[in-house]
Amino acid sequence: MDKIVREISDLYELSLTIGAGLDAYSNCEQFLSVLLARRNLAYGAVWVAEQGLQRQPNAYQLLCARPACKAAQVKLSALDPIIAALDQDTIQVWAAEEAPFSGFLKANQINKGYVALLLLGPGAFMLLQGASEAALSDRSLRQL
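Here's a quick rundown of the structure. (Residues numbered from 1 in each chain as written. Predicted model: local features only at pLDDT ≥ 70, side-chain atom pairs only at ≥ 80, totals over all residues. Heavy atoms only, no water.)

## Some thoughts on the pairing of strand β6 (residues 124–130)
For β6, a buried count of seven out of seven residues is recorded, marking the element as mostly surrounded by other parts of the structure. Residues A124, M126, L128 and G130 line one face of β6 and the alternating positions F125, L127 and Q129 line the opposite face, and both faces are buried. Examined bridge by bridge, strand β1 (residues 41–49) and β6 share seven bridges and lie antiparallel to one another. Paired with G44 across the strands is L128, a residue of β6. Note: strand β5 (residues 114–121) against β6, seven bridges, orientation antiparallel. (Buried < 20%, exposed > 50% of the residue type's maximum accessible area, 1.4 Å probe, protein only. Helix = DSSP H or I, 4+ residues; strand = E, 2+ residues; numbered from the N terminus. Pairing = 2+ DSSP bridges.)

What follows is the structure, given as C-alpha cells:
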C-alpha cells in the first residue's frame, strides 16, 4: 500500500510541474528536477524536433537537461545514433555500455548504470540515466 501511495504522490508532484507556466524550458527544468529527485536518477534530458511535431524531423534541439550536458551538444541530426534508436519501441532500456549511442553517453560522462530512451510522441523524446535497472522499470517509465 505504501508503494502505491508513494507512486501517486510522485505522479501528483510531477503533474504540478507541467503547465506551471507558459515557458516550455522552465516547465521542463522543473519536471526533470522533480523526476530525478523522486526516482533517484542521475541524468535526464528532453529533446524536441526543430520544426515542431513532425513524423520524420531533420534535427532535434535540446530543450533541457539535468545536469547540463557536459559536451554541450544541443542539436542532433537525423543521422545521429540516438535518433536511429527512436525508430524502435516507445520505451527502451540498456546498460549504459551497451546503448547504441555510446558516443553521446561517453561525451557526457554517462558510462555506468542504465539508460532509457522514451519516445514522448512525434517530434519529442526523453533520455534518462539511473544507477540501477529498477530505477528505469518499464512500469515507472510508462507512467511518465
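## Points about the sheet that holds β5
With antiparallel pairing, the six strands of this open sheet are ordered in space as β3-β2-β1-β6-β5-β4. On the outer flanks of this sheet lie β3 (75–77) and β4 (91–95), each paired with one strand and no other. Averaged over all pairs of adjacent strands, the angle between strand axes in this sheet comes to 20°, irrespective of strand direction. Examined bridge by bridge, strand β2 (residues 59–66) and β3 share three bridges and lie antiparallel to one another. Looking across to β3, one finds that Y60 is bridged to L76. Along the sheet, helix α2 (residues 24–39) makes contact with β1, β2 and β6, crossing β2 at roughly 55°. (Axes fitted to C-alpha atoms, helices over the stretch in contact; angles between N-to-C directions. Contact = heavy atoms within 4.5 Å.)

## Quick notes on the packing of aromatic side chains
Evaluated as defined, the whole model comprises four aromatic pairs. Look at W94 and F101: their rings are 5.3 Å apart centre to centre, the planes differ by 90°, and that puts the pair in the edge-to-face class. On the accessibility criterion, W94 (16% relative accessible area) is buried. Counting every residue linked through ring pairs, the aromatic cluster contains W47, Y60, F104 and F125. (Phe/Tyr/Trp six-rings, centres within 6.5 Å; stacked < 30°, edge-to-face > 60°.)

## Details of unusual backbone geometry
Most peptide bonds take the trans configuration, and most residues that are not glycine carry a negative phi. Omega for the bond connecting R66 with P67 falls within 30 degrees of zero, at -15°, which places this linkage in the cis form. Position of P67 among the secondary structure elements: in the loop between β2 and β3. If you check the backbone angles, N40 has positive phi at about 55° while not being a glycine. For N40, the location among the structural elements is in the loop between α2 and β1. Its identity is not glycine, yet Q109 carries a phi of approximately 55°, on the positive side.

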